[in-house]
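Geometric and topological summary
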Amino acid sequence: MKRIVKLRTVFLLTIVIALSSFLLLKKEKPTLYIIGDSTVRNTNRPQCGWGEKIGDFFDTTQLRISNQAMAGRSTRTFIKEKRWDKVMSTLIAGDYVIMQFGHNEGSKPDTSKAGYRGVLRGTGEETVELTWPDSTKEIVHTYGWYIRKFIQDAKSKGAIPIVASMIPRNEWKDGKVKRADNDYGKWAKEVATSEGVTFVDLNAITADKYDAMGPDKVKEFFPGDHTHTNEAGATINAASVTEGIKMVKSLGLNNYLLNKN
């Protein structure tokens, strides 16, 4: 009888140790969360978002990738629809969050279909109160306020936020791609700097590549409009993200890149 009890005890201890080791290993494998719009995740082929290609550049045996971007969303609606709450519910210390928004924020915020996703321009504390047909109230903030919220929320969980400027559109002026360095790209950088987090100037890195390629080559990456890339274009943008990461040597995410050079 004593022998049976002893064997059971050993068996249970073995299970506990094995389970503990599994949970420890699971915890030690961080997750890279990506949030954004259809330029980051797009299931409407042949269009493709760069978040769908970023896994090609990382060792996914050591790093999980969770692309939570959703087409048509702005910073405001990503929060309003509780998509950010979903990320926060599983985000833990040591995880990473790359955020890229700016393509859907441009409309004036109001209760119309067009204004549903619009935000106030800039990075300040200005607000506007909206009253919806069902009498519910909504306080709309600036683009910078929403980016700041993502950053501060992620930090509160011990996660590492990374802000990326929006990818450039296939729009040209005087032989150069139009850049976002006077609005959303500028504001993203300002907030990242003020919050002391990594800023990846995705807009500039990819725009430099486009300028070198020229408009005839670049248009091959945009099959339907001037905003959404195909898989080849998405791969270029994903590569640009990793190049921006490599510029910040102290960023731990570098450890999971397949090509660290």
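Quick caveat, the model's predicted, so the values are computed rather than measured.

1. Some details on the layout of surface pockets
- The volume enclosed by the largest pocket comes to roughly 180 Å³.
- M166, R169, R179, A180 and D183 are, among the 14 residues lining the largest pocket, the residues nearest its centre.
- Partitioning the lining of the largest pocket into residue classes produces 5 nonpolar, 4 polar and 5 charged.

2. Some details on the pattern of salt bridges
- Per the stated rule, a full pass over the model turns up 15 salt bridges.
- Look at the salt bridges and you will find they share partners, linking R45, E52, K53 and E231 into a network.

3. Here's the deal with the nonpolar core
- Formed by 32 residues in total, the largest nonpolar core has its most connected members in I35, W84, M99, I147, F150 and V163.
- In terms of residue count, helix α4 (residues 143-156) provides more of this core than any other element does, 6 residues in total.
- In contact with M99, not counting residues within four places along its chain, are I35, I147, F150, I151, P161, I162, V163 and A164.
- With 23 residues, the next largest nonpolar core counts V40, F58, A69 and A238 among its residues.

4. Structural notes on the sheet that holds strand β9 (residues 198-200)
- Taking strand neighbours across the sheet as the criterion, the 5 strands line up as β2-β1-β3-β6-β9 in an open arrangement whose pairing is parallel. Taken across any chain shown, the strands that pair with only one partner, and hence form the sheet edges, are β2 (64-67) and β9. Here the strands of the sheet are splayed against their neighbours by 20 degrees on average, with no regard to which way each runs.
- Sheet analysis places strand β6 (residues 160-164) next to β9, joined by 3 bridges and oriented parallel. In the sheet register, I162 faces β9, and the bridge partner there is T198.
- Contacting β6 and β9, helix α5 (residues 184-195) runs over the sheet at an angle of about 160 degrees to β9.

5. Observations regarding α5
- For α5, which comprises 12 residues, the first-to-last C-alpha distance of 16 Å matches the rise-based estimate of 16 Å (1.5 Å per residue) to within 8%.
- Among the residues of α5, Y184, G185, W187, A188, V191, A192 and E195 are the ones counted as buried. For α5, the arc enclosing every buried residue in end-on projection is 165 degrees, short of the 170-degree limit, so these residues lie on one face. Structural note: α5 exposes T193 and S194 on the side pointing more than 90 degrees away from its buried face.
- Those residues of α5 that are buried are in contact with α4, β6 and β9.

Calculation rules
Residues numbered from 1 in each chain as written. Predicted model: local features only at pLDDT ≥ 70, side-chain atom pairs only at ≥ 80, totals over all residues. Heavy atoms only, no water. 1 Å grid on protein atoms, 1.4 Å probe; cavity = no way out; pocket = protein on both sides within 12 Å on 5 of 7 lines; lining within 4 Å. Points joined across faces, edges and corners; volume = space filled by probe spheres on them. Nonpolar A, V, L, I, M, F, W, Y, C, P; charged D, E, K, R; others polar. Salt bridge = Lys/Arg side-chain N within 4 Å of Asp/Glu carboxyl O. Core = buried A, V, L, I, M, F, W, Y, C linked by side-chain atoms within 4.5 Å. Buried < 20%, exposed > 50% of the residue type's maximum accessible area, 1.4 Å probe, protein only. Helix = DSSP H or I, 4+ residues; strand = E, 2+ residues; numbered from the N terminus. Contact = heavy atoms within 4.5 Å. Pairing = 2+ DSSP bridges. Axes fitted to C-alpha atoms, helices over the stretch in contact; angles between N-to-C directions. Expected span 1.5 Å × (residues − 1). Arc of directions from axis to C-beta.

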